[in-house]
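Architecture at a glance
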Amino acid sequence: MKLPALPVAEVVEELRDALRNGNSALLSAPPGSGKTTLTPLALLEEEWLRGRSILMLEPRRLAARAAASRMAWLLGEEVGRRVGYRIRFDHKVSSRTRIEVLTEGILTRRLQSDPGLEGVGLVIFDEFHERSLQADLAMALTLEVQTALRPQLRLLVMSATLQSEAVAELLGDAPVVEGGGRLHPVETHYLARPRGESIAAGALAGVGRALSESRGDVLVFLPGGGEIRSVAAQLEDRARQEGLQLHPLYGDLPQAAQDAAVRPHPGGLRKVVLATNIAETSLTIEGITSVVDSGWRRTPKFDPNSGLTRLETVRVSQASADQRSGRAGRLGPGRCFRLWSEARQASLLPFDPPEIVEADLAPLALQLAQWGTSDSRQLRWIDRPPQGAFEQARDLLTALGALDARGRITAGGKRMAGLPLHPRLAAMLLAAHNSGCTRLGADLAALLSERDLLRGSRESGPAPCDLEERLSLLRAFRRGDKRRVDERGGDLAACAAVVRSSRQLSRLLDSSQGSAPLANPTSDQIEAGELVSCAYPDRIARRRGGSRHRYRLANGRGAALPQGDPLSSHPFLAVARLDAGTSRGRIFSAAALSEHALRTRHQDRIETAQRVEWDPSAKAVAALREERLQALVLSRSNLPKPDPSQLQEALLQGVRLAGLECLPWTRDLRQWQARVISLAGWRPGEDWPDVSDQALEESLEDWLLPFLAGFSRLSDLRRLDMQAALQSRLGHKAARRLEEGAPTHLEVPSGSRLRLRYQPPQPPFLAVRLQEMFGLAETPCVCWGEVPVLLHLLSPAQRPVQVTQDLKSFWDRTYPQVKKELAGRYPKHHWPDDPWSARATRHAKTRRGK
């Protein structure tokens, strides 16, 4: 077979040698080198392949069909003879097919049904740099087949931009064949967008440059459908004036629209193709000489903590930017207009993160369970699935009934794995089939798989969230009432895609499950919301009290409808699409769910429990009987006789939250606390308990809990025997020693019994009138004579005239001066010259006869 003169032809012989001498190889070749279409043809007649076929995995449906068509054309044949393809809901193959181009999860499902890949001699992973989840999974399974069952099965990995060392190591140090360079040079221009300018506005400026400075067609890379529609709307006037043809290009487009974007205009008109990153692949869009690259892509990122996925608009990597610019050099010299600065180019990541580290791993976990692998670490990966996301995926599969309690795949799980749907939607479709309403289930699965058929607008706001509204549009579309569909904001092309997908799902289900439902038909009782809840049991939502649009999900997360959305009148929803958000998710599509349907469908998941816990708003213990569906409370009633120990534990939690100040402290109790702390500090070798506030809070169970019997509110604590509770921290012996070492009062020479004030870590102080201390030379002490009391000697007006721990020194040195100052001010009081011999008194003058 004579191959076209494309660069990859120069390394074909080297590649043949690599696969003759080993069972794996890598081919690294730039865009436009011909690797996708020439390589399989060049290997088709190899001796080791005689009588066997080639399977080639493409990451996208459009690229798979295009690659098969191109190879068939080179052979002078129609697709479906020696070269065919098999994609979701479409295939063209025959008994003569030797090269079969596969996409999405089809290779994985084939491996599941035929682990030995009988009749296959070579598996090619094309555009492997995209690192889709399905490609990584298929690679892991194929490597296990090659290792355990088919050592002669050849594997070939091909890419334009690839970290070859990691892949070669995964394949057992496979040889790397470097292909030839790009056919034609591409001149790169950096057009940095002004700060604040939208992506669409920047793209319009880039398109203007491309149209005016070059000939040929223009390919524009945009993040998603919203930007594509915005740019297309703003280019319409220019397109009419200059005879331009505008073509969107993204995965959900009908095949005819995709083909029109890829092929030259039959009348020779100039095209502007507005594409997502679908056009980065091996797909050749004929006539392209200029590329306008926004530098952004939209990617789903999964949060295993919430179980939700959010779409994020992120910058492309350097490898992706190279792939995009290469589209301009396929047919001749080209230009690439990058809408960012050259400095920004240097800061881009070298490669896009592989999908496996950011995606929802439920499809992967289900396929591994069917394969018989419960631990992803048992297989070989370039990047191992993150363990947290993998475990979360297995939890979801268990909730869907795909895995049993021991993590093994169930009969239902095997049926789910055989459907070309996410496990959630597969579970919903099977539930619909079992309930005798396959058509409704297929419609909902198609609605949630395909592009939304309701258009929002700036004028009318976002599209309503209700899935019933979309089902109504589908019914109108099936009746042929296209005017009604258009008036209600429906997208006719999207409706056609959903109807086509629904029909294919119904046929597939009937052929795999049998035409009869698996249970008695009850379709007249089935709501859309009930079926949606089978796919998203963790997203059953109940409206929050006091709100019209905020909901709580069964998984505990918050979610909100747009303000004014009609669905907000329903207390329960089954939520299908929502953005993970930050504090709460934004609901994009959902269906109303009656409480009857919820209880009927999910009765085995509803738990009844008694709950005794602290209610901060009521400052009391709540003792309730609840029916719950995960985080959702379906009903609640008071418990007539709650467990007393649970009441005490709950009240204790209330004390912990309110703090020790909520307890009935008195001055004497605070002094008791200070006395114990003081002795503990003065006598560190003795076993005094820590009764500081922090220690008391940390040991509430030990000293307070036994005294809470009969209480249920903070206000009840006014009746708490706080003194008994605190003294329980001391034994009888320690309590007696406390009175000895840290007495509450001291008797002074006047006969008065005065209160000591403890203030750890300072010594205690005694406030006493000076005249009551006459005749006393030694300062009083506590702690068995070890700690002198700090005396606050007061004037007759109860003001301190001296603070001292040395009473003898005061009498000797300071008293004469104090007497001189105060005798004239307080003449009615006794001011003897000799305080040593004077009689202490608490009266103004010494009484007669005394």
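Higher on the page you've got the structure.
Notes on the structure follow. (Residues numbered from 1 in each chain as written. Predicted model: local features only at pLDDT ≥ 70, side-chain atom pairs only at ≥ 80, totals over all residues. Heavy atoms only, no water.)

**Considering the pattern of salt bridges**
Taken as a whole and judged by the stated rule, the model has 49 salt bridges. Its salt-bridge partner being glutamate 47, residue arginine 50 comes within 3.1 Å of it at the nearest N-O pair. Arginine 611 serves as the salt-bridge partner of glutamate 626, at 2.5 Å between the closest nitrogen and oxygen. In this pair, glutamate 626 sits in strand 23 (residues 620–629) while arginine 611 sits in strand 22 (residues 607–615), placing the two residues 15 residues apart along the sequence. The network of salt bridges with shared partners includes Glu13, Arg16, Asp17, Arg20 and Glu46. (Salt bridge = Lys/Arg side-chain N within 4 Å of Asp/Glu carboxyl O. Helix = DSSP H or I, 4+ residues; strand = E, 2+ residues; numbered from the N terminus.)

**Digging into helix 8 (residues 225–242)**
The end-to-end C-alpha separation of helix 8 is 24 Å, in line with the 26 Å expected for 18 residues at 1.5 Å each. Bending of helix 8 peaks at approximately 45° at the position of leucine 235. For helix 8, the full list of buried residues reads Glu227, Ile228, Val231, Leu235 and Ala239. Directly after helix 8, the chain includes glycine 243, whose backbone phi takes a positive value near 70°. (Expected span 1.5 Å × (residues − 1). Bend = angle between axes of the 7 residues up to and from the residue. Buried < 20%, exposed > 50% of the residue type's maximum accessible area, 1.4 Å probe, protein only.)

**A word on the sheet that holds strand 17 (residues 540–543)**
Picture the strands of a sheet paired through backbone hydrogen bonds; they go either parallel or antiparallel. Spatially, the five strands close up into a barrel ordered 17-18-19-21-20, and their pairing is mixed. In this sheet, adjacent strand axes meet at a mean angle of 50° when their direction is disregarded. (Pairing = 2+ DSSP bridges. Axes fitted to C-alpha atoms, helices over the stretch in contact; angles between N-to-C directions.)

**Remarks on the packing of aromatic side chains**
This model, assessed by the stated rule, comprises six aromatic pairs. Between phenylalanine 774 and tyrosine 815 the ring centres are 6.0 Å apart and the planes differ by 80°, which places this aromatic pair in the edge-to-face class. With phenylalanine 774 in the loop between strand 28 (762–769) and strand 29 (781–782) and tyrosine 815 in helix 28 (residues 807–823), this residue pair connects regions lying 41 residues apart in the sequence. Taking the relative accessible area as the measure of exposure, phenylalanine 774 reaches 2% and is therefore buried. Since its relative accessible area comes to 1%, tyrosine 815 is described here as buried. Their ring planes at 55° and their centres at 5.2 Å tell us that phenylalanine 810 and tryptophan 811 sit as a pair that is tilted. Look at phenylalanine 810 and you get buried, because its relative accessible area is 2%. (Phe/Tyr/Trp six-rings, centres within 6.5 Å; stacked < 30°, edge-to-face > 60°.)

**A closer look at the packing of helix 1 (residues 12–21) against helix 2 (residues 35–43)**
Where helix 1 contacts helix 2, the axes come no closer than 11 Å and their chain directions differ by 55°. Classed by the angle they form, the pair helix 1 and helix 2 counts as oblique. As helix 1 runs across helix 2, the sense of the crossing is right-handed. Mapping the contact onto sequence places Val12, Leu15, Arg16 and Leu19 in helix 1 and Thr39, Ala42 and Leu43 in helix 2. (Parallel < 35°, antiparallel > 145°, perpendicular 65-115°, else oblique. Left-handed = near helix turned anticlockwise from the far one by under 90°. Contact = heavy atoms within 4.5 Å.)

**Quick look at the sheet that holds strand 5 (residues 99–103)**
Ordered by their spatial adjacency, eight strands build an open sheet running 4-3-5-2-6-7-1-8, and the pairing between neighbours is mixed. Sheet topology places strand 4 (90–92) and strand 8 (176–178) at the edges, where each strand pairs with a single neighbour. The sheet shows a mean angle of 20° between the axes of neighbouring strands, taken without regard to direction. By the bridge criterion, four bridges tie strand 6 (residues 120–125) to strand 7 (residues 154–159) in an arrangement that is parallel. Bridge pairing in strand 7 places valine 123 opposite leucine 155. Against the sheet, helix 3 (residues 61–74) contacts strand 2 (53–58), strand 3 (83–87), strand 4 and strand 5, and its axis sits at roughly 170° relative to strand 3. Together, strand 2, strand 3, strand 5 and strand 6 form the strand contacts of helix 4 (residues 106–113), whose direction differs from that of strand 5 by roughly 110°.

**Some details on the pairing of strand 21 (residues 584–592)**
Both strand 19 (residues 558–560) and strand 21 contribute to a ladder of three bridges, which runs parallel. Its bridge partner lying in strand 21, alanine 560 is registered against arginine 586. For strand 20 (residues 572–579) and strand 21, the ladder comprises six bridges, and the chain directions are antiparallel. Bridge pairing links arginine 577 to serine 589 in strand 21.

**As for the environment of arginine 324**
You can see arginine 324 is positioned in helix 10 (residues 318–326). A sequence separation of 293 residues divides arginine 324 from proline 31, and the C-alpha atoms of the two residues are 9.0 Å apart. Every residue in contact with arginine 324, bar those within four places of it in the chain, is listed here: Phe221, Asn277, Glu280, Val291, Asp293, Ser294, Gly295, Trp296, Arg297 and Val316. Within the structure, the side chain of arginine 324 is placed 3.4 Å from the backbone oxygen of tryptophan 296, a separation counted as a polar contact. (Polar contact = N/O pair within 3.5 Å; in protein donor to acceptor, adjacent residues only side chain to side chain.)

**Quick word on the environment of glutamate 450**
Inspection of the secondary structure puts glutamate 450 in the loop between helix 16 (438–449) and helix 17 (467–478). In this structure glutamate 450 comes out as buried when scored by relative accessible area, which is 10%. Distance in space between the C-alpha atoms of glutamate 450 and serine 501 is 8.1 Å, their sequence separation being 51 residues.

**Looking at unusual backbone geometry**
The phi torsion of most residues other than glycine is negative, and most of the peptide bonds are trans. Here proline 760 and proline 761 are connected by a cis peptide whose omega angle stands at 10°. Secondary-structure assignment places proline 761 in the loop between strand 27 (757–759) and strand 28. Look at arginine 131: it is not a glycine, yet its phi comes out positive at around 50°. Tracing the backbone shows arginine 131 in the loop between strand 6 and helix 5 (133–148).

**Regarding the side chain of arginine 154**
Mapped onto the secondary structure, arginine 154 falls in strand 7. One buried charged residue, arginine 154, remains without a salt bridge, the closest side chain of opposite sign being glutamate 46 at 7.6 Å. Polar contacts involving the side chain of arginine 154 include one to the main-chain carbonyl oxygen of leucine 19, which spans 2.9 Å. In terms of polar contacts, arginine 154 uses its side chain to reach the backbone carbonyl oxygen of glutamine 152, at 3.1 Å. Every residue in contact with arginine 154, bar those within four places of it in the chain, is listed here: Leu19, Arg20, Gly22, Asn23, Trp48, Gly121, Leu122, Val123 and Gln146. (Lys, Arg positive; Asp, Glu negative; His and termini not counted.)

**Some words on the side chain of glutamine 345**
Considering the arrangement of structural elements, one finds glutamine 345 in helix 11 (residues 342–347). A polar atom in the side chain of glutamine 345 sits 3.0 Å from the side chain of tryptophan 340.

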